[in-house]
Amino acid sequence: MRYQPDRTTGTPAETRLTRSGRISGRSDLFPKLVSMLKLIDAQHFAVYRLHGSGLPHKQRLVCELDNWGSANSVVGKAFVDAYSDALIEHIEKSMLPLMWNGRDSDSTAETLDFASFTQRLKPHLVPFAGVAFPVRLGSVGNGYVVFTAKFMDLASDMIVELHGRCCQLMMELLSLDERRSQAAEALSEREIVCLQLAGDGRISEEIAEKLGLSVHTVNAYLGSATIKLDSVNRIQAIAKAIRFGYIS
């Protein structure tokens with residue numbers, strides 16, 4: 001069934017890139033992707049980023065987020081094997097969404113009123129139809145947000161809406177990476193060690209004894225690490241440090 005936008009307000013649909021609430025990790029992006037998925041009755045999503053211009057194309061297109069699931073782990077590889085060359089070539093010269101048909105005759109992705117503003121990939125290479133929205137945000141922010149389904153029939157305003165949301169999501173993903181990099185540079189070795197021990201369940205007195213420091217100094221390290229990780233308390237700082245991979 002074709003998506004029909006809500007027109008009860010009587011005003012034309014608009015797409016806006018706005019500053020959303022600050023997100024703390026990639027897990028915060030999943031509800032946004034699921035929301036977009038449901039809008040078009042799609043089955044799966046995946047977010048790909050381009051890395052390393054000197055690498056082979058199949059290694060450059062890296063999946064950052066997806067809901068393929070373990071049962072469909074081969075699906076993502078099949079998609080990259082089939083379309084990596086075309087995707088990388090396309091994003092270097094165009095921002096038009098890409099659509100493709102699946103192997104079965106009834107597995108199609110269509111947009112009757114927006115066909116002139118989309119491009120088609122070679123059909124019948126993968127077992128699903130879909131749409132890929134390109135996003136260009138600089139050398140480390142280029143990539144695609146992909147949605148797949150058995151059948152897809154998208155109206156023009158839905159494509160515009162989704163493309164805008166995909167750009168916003170990729171901006172947030174890039175922001176997360178930048179914040180992680182800044183935190184990695186900012187955290188000292190002592191701060192990381194104190195966070196690791198605190199994450200292991202040790203209180204300040206125990207950390208101080210183990211490291212040969214005063215309790216005041218340990219609390220100072222934990223406090224500065226909490227500020228650098230943009231956290232409201234020690235518990236959140238530990239959670240972010242684990243999420244960013246600084247401690248285990």
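No experiment lies behind these values; they were computed from the predicted model shown.

## Describing the packing of aromatic side chains
Then, in step 1: Counted by the stated rule, this structure contains nine aromatic pairs.
Then, in step 2: Here the aromatic rings of Phe 133 and Phe 147 are separated by 6.3 Å at their centres, their planes lie at 70 degrees, and the arrangement is edge-to-face. Taken together, the residues Phe 133 in strand E6 (residues 129-135) and Phe 147 in strand E7 (residues 143-149) connect sequence positions 14 residues apart. Phe 147 shares its class with Phe 133; the two are buried.

## Things to note about the pairing of strand E1 (residues 44-50)
Then, in step 1: With seven of seven residues buried, E1 is to be regarded as a mostly interior element.
Then, in step 2: Every second residue of E1 is oriented toward a common face, with His 44, Ala 46, Tyr 48 and Leu 50 on one face and Phe 45, Val 47 and Arg 49 on the other, all of them buried.
Then, in step 3: Here E1 runs beside strand E2 (residues 61-66); their pairing, made up of five bridges, is antiparallel. Within the sheet, the bridge partner assigned to Val 47 lies in E2 and is Leu 65.

Cut-offs and rules
Residues numbered from 1 in each chain as written. Predicted model: local features only at pLDDT ≥ 70, side-chain atom pairs only at ≥ 80, totals over all residues. Heavy atoms only, no water. Phe/Tyr/Trp six-rings, centres within 6.5 Å; stacked < 30°, edge-to-face > 60°. Helix = DSSP H or I, 4+ residues; strand = E, 2+ residues; numbered from the N terminus. Buried < 20%, exposed > 50% of the residue type's maximum accessible area, 1.4 Å probe, protein only. Pairing = 2+ DSSP bridges.

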